[in-house]
Amino acid sequence: MLKVDGLTKRFGGIVASDNVVFEVARGELHAIIGPNGAGKTTLISQLAGELVPNAGRIEFDGSDITALRVHDRSLIGLARSFQITSLFPNFTALQNVTLAVQAHAGHSFRFWREACKEPELCEPARAALDRVGIGHRADTKVVNMSHGEHRQIELAMALATKPRMLLLDEPMAGLGPDESGRMVKTLLELKRDLTILLIEHDMEAVFALADKITVLVYGRVIASGDPASIRANAEVRQAYLGEQEAVTHV
Amino acid sequence: MMSSSMSRSVPWLTPRNTFVAALLVVLALLPVYCAIIGNTFLLSLFTRILILAMAAVSLNLIMGFGGMVSFGHAAYLGIGGYAFGILAKEGFTSGLIQWPVALLVCGLFALVVGALCLRTRGVYFIMITLAFAQMAYYIAIALDRYGGDDGMTIYKRSQFGDWVNLSNKTFFYYLCFALLLGIVYLVWRLVNSRFGMVIQGARSNERRMRAIGFPTFRYKLTCFVISGMICGLSGVLLANHTDFINPSVMSWIRSGDLMVMAVLGGMGTVFGPVIGAVAFLLLEEVLSRFTEFQGIILGPMLLAVALCARGGIDGILTGLRRG
């Protein structure tokens, strides 16, 4: 589904992505882990098209998308969520998600009808909110909602664009244990019909969800494989997991 | 939460809406009052208010809803006015030619300005809009054939056949009033449409808008052009009203005035700038009877609104319900 080959991104002297190679199969949940500063967000920004790589190639569903712009990638079914919640604070939850639906409902040079009353926009938006378990808060302004709810709306927006693949940048960031548990449950459900690339710090969540894990250290892929082999990999343990004893108990 | 349950029972009967309704009634009956007391000055003042209110509404469309702070909006007042004035001088007196040409020229100007300034942000955006307005200003000064620095008198208002006479002051007032209401309604539909949601979303979080698949530039540019054309229409009306056009219509001070009207009235709503224009221009008129330095009073008032009431007069009125 997604094929990354030789991706390299330099910021001055720093190599944030160093010849990154990996592949995400259709229907797979592929997690990217790595210590802070490993270049995970840089990687996802290149996949989403916000950063242009210095070298390498990104292939999505068989076609080269390396040169495609952000909104065009979104339109061909590659949706991303943001690590730092990035919503429209003065819109309601429903309006936020409606915008995401609207983005994929043809052009928006429609000047007359009230957008919020169009069923073809509202209904998919409500469905997406229900799917992440936040339908009851649809008409609340986002600015008045909790961080956990923001994360859920974030996910609903990515879903509402009817993506074929989700790029999730730390969906658990800043969530309490209860909220994380709920998010894992939601993701498990989504996993059934979607290909997902997940960047996450929460190891418990990663090992509960991932079919395949790629480990990134200083911009380089040091290991890639199923969760069991990653957990057993000595280099990975040394570079990363060693600091997180909890992981051995998962 | 008592107030919210109250407002649910009669949701439209708020102090704010009552005020807006009262204002509309006053504006609608003003010519009758003027006819009774025989005061043509008042009618002329309010015609001007209605016309500039329309310009403020157009500015608010891009500034309040789109987050595009144009500090050169008076340019469209001037370009609309000059397009009309120049055509009139050259013998094209039909409004059916003058008005569309004026709107078209304003739209093209907005297209050029927008195409450049929308690639920038913040202060640079403001400076580019200002630069273009100053350019238009100096070009107008250089137009010797059309009065240059002194401007020119326009001897004939736009002609629309036998049954429409723009020189009839009462008729002209009602024409401006109807056009203002029409524009307010148009902008209201616009900001709530799909198009408007994109514009408002781009103000709030443009990066996210692109991430979910909106090419925001073309929507913002379209909005910029629409705003410029509406302001151009009010420019045509203004020149018809004063029978005169000169470069100072386009000065940056006038652009500032339009911003003040929008901010004072409230940028969050479509009707806010109308309230702002009425308040600002009436105050300016009243204060000018007492002092030459209206700014001494207007300035601190604007400060107070900017610091204490971000929603402007409209915001204060809306807030009354809760208070």
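Residues numbered from 1 in each chain as written. Chains lettered and ligands numbered in written order. Predicted model: local features only at pLDDT ≥ 70, side-chain atom pairs only at ≥ 80, totals over all residues.

### Considerations on the interface of chain A and chain B
The extent of an interface is frequently quoted as the accessible surface area lost upon association of the parts.
And step 1. At the interface, 26 residues of chain A touch 21 residues of chain B.
And step 2. Residue assignment for the side of chain A that touches chain B shows that the elements contributing at least two residues are α2 (70-75) and α3 (93-103) of chain A.
And step 3. Residues that form the side of chain A that touches chain B fall into these classes: 14 nonpolar, 8 polar and 4 charged. (Contact = placed C-beta atoms within 7 Å. Helix = DSSP H or I, 4+ residues; strand = E, 2+ residues; numbered from the N terminus. Nonpolar A, V, L, I, M, F, W, Y, C, P; charged D, E, K, R; others polar.)

### With respect to the sheet that holds strand β6 (residues 78-81) of chain A
Residues and elements named next belong to chain A.
And step 1. Read from one edge to the other, the open sheet built from 6 strands follows the order β6-β7-β8-β3-β9-β10, with strand pairing classed as mixed. The open sheet has two edge strands with one neighbour each: β6 and β10 (220-225). The mean inter-strand angle of the sheet, taken between neighbouring strand axes irrespective of direction, is 15°.
And step 2. In the sheet, strand β3 (residues 29-33) pairs with strand β8 (residues 195-199) via 4 bridges, with the strands oriented parallel. In the strand pairing of β8, H30 is matched with L197.
And step 3. Its contacts with the sheet place helix α1 (residues 40-48) against β3, β6, β7 (165-169), β8 and β9 (212-217), and it is angled at close to 150° to β7. (Pairing = 2+ DSSP bridges. Axes fitted to C-alpha atoms, helices over the stretch in contact; angles between N-to-C directions.)

### Quick notes on the domain arrangement of chain A
Residue and element names in this part refer to chain A.
And step 1. Each assigned domain of chain A is listed here: domain 1 (1-77 + 164-250) and domain 2 (89-162).
And step 2. Of note, the centres of domain 1 and domain 2, computed from C-alpha atoms alone, are 26 Å apart.
And step 3. On the side of domain 2, 10 residues touch domain 1, which itself brings 11 residues to the contact.
And step 4. Listing elements by their share of the side of domain 1 that touches domain 2, those giving two or more residues are α2 and α6 (177-191).
And step 5. Per-element accounting of the side of domain 1 that touches domain 2 gives the leading share, 4 residues, to α6.
And step 6. Tallied by class, the residues present in the side of domain 1 that touches domain 2 amount to 5 nonpolar, 4 polar and 2 charged. (Domains from an automatic or database assignment.)

### Some remarks on the packing of helix α3 (residues 40-65) of chain B against helix α7 (residues 169-192) of chain B
Residues and elements named next belong to chain B.
And step 1. The interhelical angle for the contact between α3 and α7, taken along N-to-C directions, is 15°, at an axis separation of 10 Å. Relative to α7, the element α3 is oriented roughly parallel. At the point where α3 passes α7, the crossing takes the left-handed sense. Mapping the contact onto sequence places T40, L43, F46, T47, L50, I51, A53, M54, V57, L61 and F65 in α3 and K169, F172, Y173, C176, F177, L179, L180, I183, V184, V187 and V191 in α7. (Parallel < 35°, antiparallel > 145°, perpendicular 65-115°, else oblique. Left-handed = near helix turned anticlockwise from the far one by under 90°.)

### Comments concerning α7(B)
Residues and elements named next belong to chain B.
And step 1. A rise of 1.5 Å per residue sets the reference length of α7, with its 24 residues, at 34 Å; its end C-alpha atoms lie 35 Å apart and thus fit the reference within 8%.
And step 2. F172, Y173, C176, L180, I183, V187 and V191 are the residues of α7 that are buried.
And step 3. Of the surrounding secondary structure, the elements contacted by the buried residues of α7 are α2 (15-37), α3, α8 (194-204) and α10 (216-242). (Expected span 1.5 Å × (residues − 1). Buried ≥ 20, exposed ≤ 12 C-beta atoms within 10 Å, placed from the backbone.)

### Focus on the pairing of β10(A)
Residues and elements named next belong to chain A.
And step 1. As judged from the 5 bridges shared by β9 and β10, these two strands associate in the antiparallel manner. Paired with I213 across the strands is G225, a residue of β10.
And step 2. Linkage of β9 to β10, two consecutive antiparallel strands, is achieved through a turn of 2 residues, within which Y218 is found at a positive phi near 50°.

### Observations concerning the nonpolar core
And step 1. Ranked by size, the top nonpolar core spans 167 residues in total, and within it V97(A), A156(A) and A53(B) carry the most contacts.
And step 2. Per-element tally for this core: the top contributor is α3(B), with 15 residues.
And step 3. Apart from the residues lying within four places of it in its own chain, the contact partners of A156(A) are V97(A), A128(A), L129(A), R131(A), V132(A) and I134(A). (Core = buried A, V, L, I, M, F, W, Y, C linked by C-beta atoms within 7 Å.)

### Quick word on the packing of α2(B) against helix α14 (residues 312-320) of chain B
Residues and elements named next belong to chain B.
And step 1. Interhelical geometry of α2 versus α14 gives an angle of 130° and a closest axis separation of 7 Å. Compared by their axis directions, α2 and α14 come out oblique. Taking contact as the criterion, the partners of P15, R16 and F19 in α2 are, on α14, D314, L317, T318 and L320.
And step 2. Taken together, the residues of the contact of α2 with α14 break down into 4 nonpolar, 1 polar and 2 charged.

### Regarding the sheet that holds strand β4 (residues 55-60) of chain A
Residue and element names in this part refer to chain A.
And step 1. As summarised here, the arrangement of the 4 strands in space is β2-β1-β4-β5, forming an open sheet in which the pairing is antiparallel. At either margin of the open sheet sits one strand with a lone partner, and together these are β2 (14-24) and β5 (63-64).
And step 2. Alignment of strand β1 (residues 2-11) against β4, held across 5 bridges, turns out to be antiparallel. Counted as the bridge partner of D5 is R57 from β4.
And step 3. Docked against the sheet, α1 engages β1, β2 and β4, running at close to 60° with respect to β2.

### Concerning the environment of I62(B)
All names here are of chain B.
And step 1. Of note, I62 is situated in helix α3.
And step 2. Accessibility expressed as a C-beta count within 10 Å gives 26 for I62, which makes it buried.
And step 3. Between the C-alpha atoms of I62 and F224, which are 162 residues apart in sequence, the distance is 6.3 Å.
And step 4. When residues no more than four places from it in sequence are discounted, the contact partners of I62 are M68, S70, C223, F224 and S227.

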